[in-house]
Structure formats: C-alpha cells, structure tokens
Amino acid sequence: MRIDQALSRATGILPVRRGLPEPRREALFLLAAASGLSEIQLRIRPERELSTEVEEQFFRWVDRRTTGEPAEHIVGRCSFWGRTFRVTPDVLIPRPETELMVQAVLEAELPSRARVLDVGTGSGCLVITLATERVDWRLVGIDRSIEALQVARLNGAEHGVDVVWLWSDLMSSCAPAFDLVTANLPYVPTGWLPTLGEEISREPVLALDGGQDGLDLVRRLIADLGRVLAPGGLCFLELAEDQADAVEELAVKHELRPAGRRRDIGGCDRVVILEHS
Ligand SMILES: C[S@@+](CC[C@H](N)C(=O)[O-])C[C@H]1O[C@@H](n2cnc3c(N)ncnc32)[C@H](O)[C@@H]1O
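Residues numbered from 1 in each chain as written. Predicted model: local features only at pLDDT ≥ 70, side-chain atom pairs only at ≥ 80, totals over all residues.

### Some words on the site of the ligand
- Every one of the 24 residues lining the ligand counts as a neighbour, but Gly-120, Gly-122, Arg-144, Asn-184 and Ala-207 are closest to it.
- Among the secondary structure elements, those contributing two or more residues to the shell around the ligand are α7 (125–133) and β4 (138–143).
- Looking at the shell around the ligand, its residues break down into 14 nonpolar, 7 polar and 3 charged. (Near = placed C-beta within 6 Å. Helix = DSSP H or I, 4+ residues; strand = E, 2+ residues; numbered from the N terminus. Nonpolar A, V, L, I, M, F, W, Y, C, P; charged D, E, K, R; others polar.)

See below:
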C-alpha cells in the first residue's frame, strides 16, 4: 500500500473514536513511528510503497488508538522542545504548556554553574532540556515514583546529559541551596479527574491529582522553598488556569516574592515565578 493510501484509510478509521480531533495528524505521527520516516518525508513522497510489515504494524497501532490508548503510549515516544523523549504509562506525557516553563527559565538571569532542582520530574523532559541548553548547570531531578525515575534516567542517558536522579517526597531529601527550583506538580482538583476523558485516565494519577483544590502539593512545596532556595533563588511553577493568584498569596506568607508570570497561548497564567528574598 502507498503512503497516501495508508494515511487516508487511517484517517477514515480513527474518528471511530469520538473526541479525537485531528485524525490526520495522529495518523502521520503513527505512520512516522511505524516506518522510521519523518512526517516531512511522508508528506513529500506520498506515492512511496510501504512494506507489508510497516503497513501491518501501522494498522495494528491505528486500531489500538481507536480504543483510547494515547498515541505516545503506543509508540513509546513523544516530542518536547524539538527533541524526542521515551514515555510509558508511568509518566505524564509531556505537554506543550511545559515548553513555556523551559522558555521562561532560559530567559531568566541565573548564575553560571547554577544549581537546579526539578521537582516531580516525570519523564525528565524539563530538566533534560535545560541540561542540553545550559551545559554548565548542575541539575537534579526528583520524583516520588520510582518507575518515573527509571524512565527519566533512560531519557537522560539517551540525551547524553549529566543529571542526578533522586527519589524524594517533594524536597524532603534535598539539602540547600539551589539557585533554581522548577516544578510542574500535579495540579488537577481530584473532583475533575473523572471528567478529563479516556486518554488522560491512562496517565498516572500520581502525576495529575492535586487534591481538593489542586494545590495540595504546591502548598507543601512553597512551605519548604525558603529552606531549599539560596537567597535570590527562583522557583518556576507550572499551574492550571485560575491558580496563579492563590499561589502568589500563599508565597508571600512564606516570604517569597512574586517575580512574574507567563501566559500560554490560551491566555492562561500558566507559569508563576517566585523569588526567595
Ligand atoms: C504533572 S507531572 C510532571 C512531569 C514532568 N515534570 C513534566 O513536566 O512532564 C507531576 C510529577 O510529579 C510527581 N509527584 C507527585 N507527587 C510527588 C511528590 N510528593 N514528590 C515528588 N514528586 C511527586 C509525579 O510522579 C509526576 O511525575
């Protein structure tokens, strides 16, 4: 079967699953992984014939996708900041919103050889990206999930970066003093979880559930930031819509100074920056 024929057949099958908004994009993602070709190669040579093995693999994956399994889990990979990361059902699939954290951190003024702690590192996408962009930084990635840390460690090795991986319940195992703490902690209110759909229900609850108002872990983190951050040190937090005001208020009570916000393309205050005065 030719590439264009396979793509149009899959684009016809995938919408069987309601709420799958971009069947062609998903088909391209799966066919690229099945064939080892890039999405651009698939687009510019649509007349190319696929081998039987590639074709069979592709349609097996398309069938799995129609059951609600995320495409990134099927393929075992996802893209973040232009790089490819390994993902499994033990880690959150990195989201484009988190690229805003990377951008904000890279724009900040930090000392050379900065000491950086990424709390709730998951696949390691954030801290590994920082390690590749700032080779002199000294970085630590922590998580409460041993399985997630295994994925992060493999990703770190694949990207050839030197990050220290540590099991820790928030920052309880961490000694001062860091110049930067990044944290994309679970921030979904527990009551919302059943409403988020089949795909998200396949991701780890530990990566999503932020307690009654979504801020249980952020609250605990903020209470400990004064101990872990060096004076003048910064913390970048990724949050859900409508959480930024509450988080800044809380931070002030813990002698942290709100030092900026970053909006995502939807206009939501997605990243809050706090400074240890
Ligand atoms: C929203 S995911 C973020 C993963 C990754 N940083 C990213 O941006 O894609 C939150 C991560 O926090 C971890 N986590 C949850 N509770 C934790 C805790 N008490 N201490 C450390 N990590 C925790 C989860 O295992 C999960 O990997």
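### What to know about helix α6 (residues 97–107)
- Among the residues making up α6, those that are buried are Thr-98, Met-101, Ala-104 and Val-105. Across the axial projection of α6, the buried residues extend over an arc of 105°, all falling on one side. In α6, the exposed positions that point more than 90 degrees away from the buried face belong to Gln-103 and Glu-107.
- If you follow the buried residues of α6, they end up packed against α7, β6 (178–183), β7 (229–238), β8 (256–263) and β9 (269–276). (Buried ≥ 20, exposed ≤ 12 C-beta atoms within 10 Å, placed from the backbone. Arc of directions from axis to C-beta. Contact = placed C-beta atoms within 7 Å.)

### Focus on the pairing of strand β2 (residues 83–86)
- As judged from the 4 bridges shared by strand β1 (residues 77–80) and β2, these two strands associate in the antiparallel manner. In the strand pairing of β2, Ser-79 is matched with Thr-84.
- The turn joining β1 and β2, which pair antiparallel and follow one another in sequence, is formed by 2 residues; a positive phi near 55° is taken by Trp-81. (Pairing = 2+ DSSP bridges.)

### A word on the environment of Thr-66
- Along the polypeptide, Thr-66 turns up in helix α4 (residues 52–66).
- Taking the C-alpha atoms as reference, Thr-66 lies 50 Å from Gly-232; in sequence the two are 166 residues apart.

### What about the packing of helix α2 (residues 23–35) against α4?
- Where α2 contacts α4, the axes come no closer than 9 Å and their chain directions differ by 140°. As judged from the angle between their axes, α2 and α4 are oblique. Relative to α4, α2 is oriented so that their crossing is right-handed. Contact residues: α2 offers Glu-26, Leu-30, Leu-31, Ala-34 and Ser-35, while α4 offers Val-54, Gln-57, Phe-58, Trp-61, Val-62 and Arg-65.
- Of the residues in the contact of α2 with α4, the class split is 7 nonpolar, 2 polar and 2 charged. (Axes fitted to C-alpha atoms, helices over the stretch in contact; angles between N-to-C directions. Parallel < 35°, antiparallel > 145°, perpendicular 65-115°, else oblique. Left-handed = near helix turned anticlockwise from the far one by under 90°.)

### Examining the packing of α6 against α7
- Here α6 crosses α7 at 35°, and the two axes come no closer than 10 Å. Once α6 is placed against α7, the crossing between them reads as right-handed. Contact with α6, carried on its side by Thr-98, Met-101, Val-102, Val-105 and Leu-106, involves Cys-125, Leu-126, Thr-129, Leu-130 and Glu-133 of α7 and no other residues of that element.

### Side note on the nonpolar core
- Ranked by size, the top nonpolar core spans 58 residues in total, and within it Val-181, Val-218, Leu-221, Leu-225, Phe-236 and Leu-237 carry the most contacts.
- Aside from chain neighbours lying at most four places away, what touches Val-218 is Leu-185, Tyr-187, Leu-237 and Val-247.
- If you look at the next biggest cluster of nonpolar residues, it comprises 18 residues, including Leu-7, Leu-30, Phe-58 and Ala-71. (Core = buried A, V, L, I, M, F, W, Y, C linked by C-beta atoms within 7 Å.)

Geometric values such as these leave the question of function open.
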